[in-house]
Amino acid sequence: AQSVTQLGSHVSVSEGALVLLRCNYSSSVPPYLFWYVQYPNQGLQLLLKYTSAATLVKGINGFEAEFKKSETSFHLTKPSAHMSDAAEYFCAVSDYEYGNKLVFGAGTILRVKS
Amino acid sequence: DTGVSQDPRHKITKRGQNVTFRCDPISEHNRLYWYRQTLGQGPEFLTYFQNEAQLEKSRLLSDRFSAERPKGSFSTLEIQRTEQGDSAMYLCASSLGNEQFFGPGTRLTVL
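Residues numbered from 1 in each chain as written. Chains lettered and ligands numbered in written order. Predicted model: local features only at pLDDT ≥ 70, side-chain atom pairs only at ≥ 80, totals over all residues. Heavy atoms only, no water.

## Remarks on the sheet that holds strand β8 (residues 73-78) of chain A
Residue and element names in this part refer to chain A. In plain terms, the rule: Paired strands are those between which DSSP finds at least two bridges. Secondary structure follows DSSP: runs of H or I at least 4 residues long count as helices, runs of E at least 2 residues long count as strands, and numbering of each begins at the N terminus. The convention used is that axes are lines fitted to C-alpha atoms, helices contributing only their stretch in contact, and that angles between N-to-C directions extend from 0 to 180 degrees.
If you walk across this open sheet you meet the five strands as β1-β3-β8-β7-β6, and the pairing is antiparallel. Here the strands that pair on one side only, and so sit at the sheet edges, are β1 (3-7) and β6 (56-58). Direction aside, neighbouring strands of the sheet carry axes that sit 20 degrees apart on average. With five bridges joining them, strand β7 (residues 64-68) and β8 adopt antiparallel strand pairing. Within the sheet, the bridge partner assigned to E64 lies in β8 and is T77.

What follows is the structure, encoded as structure tokens:
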């Protein structure tokens, strides 16, 4: 069965600093991996996805993530944080053998300090 | 707006009452998913449909929960005899391929 671990339930960075949100996955088959962002009282918005093509994936709002099979990781980065990046971020793995249902991590709340 | 919509956005009910939520997916999407999200947690899978067929249900979906997608378009999720532990955000998503598009969610509060 698939699972996702997000290291750090809260991350705080200064505006303009590097953002690094960590995600490790467990999967018995080659995974599809996703990062979603959630603003308060809203649904989830897809930031980027990995589906076995390029290992470095670029997403919206300047975010990117690198798939590292040897480390079973899919960390999310952004070179320079903006105040508008403050939100909760979820890493997810897709179980494509079972209808592509998503298995989510517990989430990381990103705080951006001015 | 052609995104996923959910109704209502908020529902407050008393313990023991029945509630029903509706999800309207993106029109050409054949798959529809329901997830539940409690405070401080990531969404958890409840069930999914391919067209009108309900293909999988999570163990989280007790007998008090039922979901339908009668014509392969909109879906409803009903909770009977609500309990305080049912308080959560209920998220709907739809897809055609491997990317799921989420609605804004229905926040349920059971008093």
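Once the structure has been displayed, the description carries forward.
## Remarks on the interface of chain B and chain A
Quick reminder of the rule: Should any heavy atoms of two residues lie within 4.5 Å, those residues are counted as being in contact. Salt bridge criterion: a side-chain nitrogen from Lys or Arg within 4 Å of a carboxyl oxygen from Asp or Glu. For this analysis, a polar contact is any N or O atom pair within 3.5 Å, provided that within protein one partner can donate a hydrogen and the other can accept it, and provided that sequence-adjacent residues contribute only side-chain to side-chain pairs.
Contacts between the two partners involve 22 residues from chain B, matched on the other side by 20 residues from chain A. Taken together, the links from chain B to chain A amount to two salt bridges. Here K49 of chain A and E99 of chain B are joined by a salt bridge, their closest N and O atoms 3.3 Å apart. Put simply, chain B and chain A have seven residue pairs in polar contact (both at pLDDT 80 or more) between them. Those elements that place two or more of their residues in the side of chain B that touches chain A are β4 (31-37), β5 (44-50) and β9 (88-95) of chain B.

## Looking at the sheet that holds strand β7 (residues 65-68) of chain B
Residue and element names in this part refer to chain B. Strand order in this open sheet of four strands is β1-β3-β8-β7, and the pairing throughout is antiparallel. Looking at strand neighbours, the two that pair on one side only are β1 (5-7) and β7, the edges of this open sheet. Across the sheet, the mean angle separating the axes of adjacent strands is 15 degrees when strand polarity is ignored.

## Quick word on the pattern of salt bridges
All names here are of chain B. We count it as follows: Using a 1.4 Å probe on the protein chains alone, a residue whose accessible area is under 20% of its type maximum counts as buried, one over 50% counts as exposed, and one in between counts as partly exposed.
Taken as a whole and assessed by the stated rule, the structure comprises seven salt bridges over all chains. Close ionic contact of D86 with R64 constitutes a salt bridge, the shortest N to O distance being 2.8 Å. Taken together, the positions of D86 in the loop between β8 (75-79) and β9 and R64 in the loop between β6 (53-57) and β7 put the pair 22 residues apart, joining distant regions of the chain. The same class applies to D86 and to R64, which are both buried.

## Topic: the layout of surface pockets
As a reminder of what qualifies: The way it works is a 1 Å grid over only the protein atoms, where trapped points that fit a 1.4 Å probe form a cavity and open points with protein on both sides within 12 Å along at least five of seven lines form a pocket, and then any residue with an atom within 4 Å of a point lines it. Grid points are joined across faces, edges and corners, and a volume is the space filled by probe spheres set on the points. Each residue gets one of three labels, nonpolar for Ala, Val, Leu, Ile, Met, Phe, Trp, Tyr, Cys and Pro, charged for Asp, Glu, Lys and Arg, and polar for the others, Gly among them.
The calculated volume of the largest pocket comes to roughly 300 Å³. Taken together, 16 residues make up the lining of the largest pocket; nearest its centre are Q38 and E88 of chain A together with Q37, L39 and R107 of chain B. For the lining of the largest pocket, a count of residues per class yields seven nonpolar, seven polar and two charged. Counted as a void, the second largest pocket has a volume near 250 Å³. Lining the second largest pocket are 13 residues, and of these V103 of chain A together with P43, E44, F45 and L60 of chain B lie nearest its centre. Where the lining of the second largest pocket is concerned, the elements lending two or more residues are β10 (101-104) of chain A together with β5 of chain B. At three residues, the largest contribution of residues to the lining of the second largest pocket is made by β10 of chain A. Here the lining of the second largest pocket is built from residues that sort into seven nonpolar, four polar and two charged.

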